[in-house]
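Close look at the chain arrangement
Residue-level listing of the chains:
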Amino acid sequence: HGRGRYLLLPGSDGRAALIAERLSDLVVKRHPRAHNLYLGRLEGDGGQVDLGVISTGMGTPSLDIIVTELFRLGARRFLRVGTCGSLQPRVLRQGALVVPTAAVRDESTSRRYLPPEFPAVASRKVLRAVELAVEERGEEDVHFGICHSKDSLFAREFGAGPLASENGRYMEILARGGVLASEMEASHLFVLGSVFGQELRETSQNGELLCGAVLAVIGDDQPFSDAAIGAAAVERAIELSLHTLKILARWDR
């Protein structure tokens with residue numbers, strides 16, 4: 001059908017294994033760097049959905065390798081399920097979910113593909129599917145908007161290094177501009193979606209490339225403040241992501 005498997009992309013292999021527990025006919029392909037690939041089936045509305053789960057690791061350089069290789073193998077549906085820290089702690093607290101509509105490209109990997117003025121945007125169809133999944137599940141405290149993708153957690157967010165004041169000012173500017181949350185991978189996933197989608201069109205290959213993300217807020221004005229709340233948010237993000245893929249599969253049939 002030209003779409004390959006539907007891929008969930010958590011940052012950690014532990015989260016990948018947690019998601020894989022929900023799949024039937026599970027096959028695990030072990031990887032020496034712990035980018036283990038979990039292949040299985042998910043019961044959908046109109047039949048079973050072929051699903052894959054693999055950790056992209058931490059940051060855009062690692063995601064660049066994983067997603068590019070998956071695309072070359074035929075994957076066309078990518079949904080990141082990850083974590084983030086709130087940049088709007090007065091209204092967006094730990095335990096909430098964020099669905100990025102676009103991402104600030106505060107990392108260098110995507111600039112090897114396209115200039116910084118090029119926007120990193122999620123696929124519209126994925127956003128529609130997440131909205132429907134939120135409605136069908138009756139989810140609350142789910143926020144759609146812009147996220148920030150960085151390539152240094154400690155410098156940008158935790159004030160490490162001699163540029164601490166500049167980094168703090170930068171993050172304040174993003175917050176005042178309405179950026180919801182900060183994470184480390186979405187921007188490049190969205191840029192790859194644009195680049196590889198155009199490659200498909202130029203080579204007259206069937207199908208469209210879809211990329212999106214669902215993020216659990218695990219920190220607000222206190223990073224990693226409550227492990228139980230963070231874990232519950234991750235569970236919600238996983239369930240919402242799986243429901244979203246079921247909807248995409250339904251539309252693809």
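Now for a quick tour of the structure.

**A closer look at the overall build of the chain**
- Counting its secondary structure elements, the chain contains 7 helices and 10 strands.
- Taking 18 Å as the expected radius of gyration for a compact globule of 253 residues, we find that the chain reaches 17 Å, a close match to that expectation.
- Over its C-alpha atoms, taken along the principal directions, the chain stretches across nearly 50 × 40 × 35 Å.
- Excluding contacts between residues fewer than 6 apart, the proportion of contacts in the chain whose partners are at least 24 apart in sequence is 77%.

**Let's talk about the pattern of salt bridges**
- Across all of its chains, the model carries 17 salt bridges by this definition.
- The closest approach of N and O atoms between Arg80 and Glu183, which form a salt bridge, is 2.9 Å. Of this pair, Arg80 sits in strand β5 (residues 77–86) while Glu183 is found in strand β9 (residues 181–183), placing the two residues 103 residues apart along the sequence. Considered together, Arg80 and Glu183 belong to a single accessibility category, that of buried residues.
- Its salt-bridge partner being Glu136, residue Arg250 comes within 3.4 Å of it at the nearest N-O pair. Taken as a pair, Arg250 in helix α7 (residues 227–252) and Glu136 in helix α3 (residues 124–137) lie far apart in primary sequence, 114 residues in all.
- Take Arg250: its relative accessible area is 29%, and that puts it in the partly exposed class.
- We classify Glu136 as partly exposed; its relative accessible area is 40%.
- One continuous salt-bridge network, built from bridges that share partners, spans Arg22, Glu235 and Glu239.

**Topic: unusual backbone geometry**
- Phi angles above zero are rare outside glycine, and Asp25 is one such case at about 50°.
- On the secondary structure map, Asp25 appears in strand β2 (residues 24–29).
- Its relative accessible area of 56% is what places Asp25 among the exposed residues.
- The residue Ala34 is not glycine, and still its phi comes out positive at about 70°.
- Here Ala34 shows up in the loop between β2 and β3 (37–44).
- For Ala34, a relative accessible area of 36% puts it in the partly exposed group.

**What to know about the environment of Tyr6**
- With respect to the helices, strands and loops of the structure, Tyr6 is situated in strand β1 (residues 6–9).
- The spacing of Tyr6 and Gly177 is 171 residues in sequence and 34 Å in space, taken between C-alpha atoms.
- Other than its neighbours up to four places away in sequence, Tyr6 contacts Val49, Asp50, Leu51, Gly52, Arg77, Leu245, Leu248, Ala249 and Asp252.
- There is a polar contact of 2.5 Å between the side chain of Tyr6 and the side chain of Asp252.

**Observations concerning the environment of Val81**
- Along the chain, Val81 falls in strand β5.
- Residue Val81 is classed as buried on the basis of its relative accessible area, which comes to 1%.
- Separated by 133 residues in the primary sequence, Val81 and Val214 place their C-alpha atoms 5.0 Å from one another.
- Once residues lying within four places of it in the same chain are set aside, the contact partners of Val81 are Leu8, Leu9, Pro10, Gly11, Arg15, Ile19, Val214, Ala237, Ile238 and Ser241.

**Quick look at the pairing of strand β8 (residues 142–150)**
- Bridge analysis of strand β6 (residues 97–106) against β8 gives 9 bridges, and the strand direction is parallel. Among the inter-strand pairings, Asp106 is bridged to a residue of β8, identified as Lys150.
- For β8 and β9, the ladder comprises 3 bridges, and the chain directions are parallel. Bridge assignment links His148 to a residue of β9, and that residue is Ser182.

Rules used throughout
- Residues numbered from 1 in each chain as written.
- Predicted model: local features only at pLDDT ≥ 70, side-chain atom pairs only at ≥ 80, totals over all residues.
- Heavy atoms only, no water.
- Helix = DSSP H or I, 4+ residues; strand = E, 2+ residues; numbered from the N terminus.
- Rg over C-alpha atoms; globule rule 2.2 N^0.38 Å.
- Contact = heavy atoms within 4.5 Å.
- Salt bridge = Lys/Arg side-chain N within 4 Å of Asp/Glu carboxyl O.
- Buried < 20%, exposed > 50% of the residue type's maximum accessible area, 1.4 Å probe, protein only.
- Polar contact = N/O pair within 3.5 Å; in protein donor to acceptor, adjacent residues only side chain to side chain.
- Pairing = 2+ DSSP bridges.

These results come straight from atomic positions and should not be treated as a statement about function.
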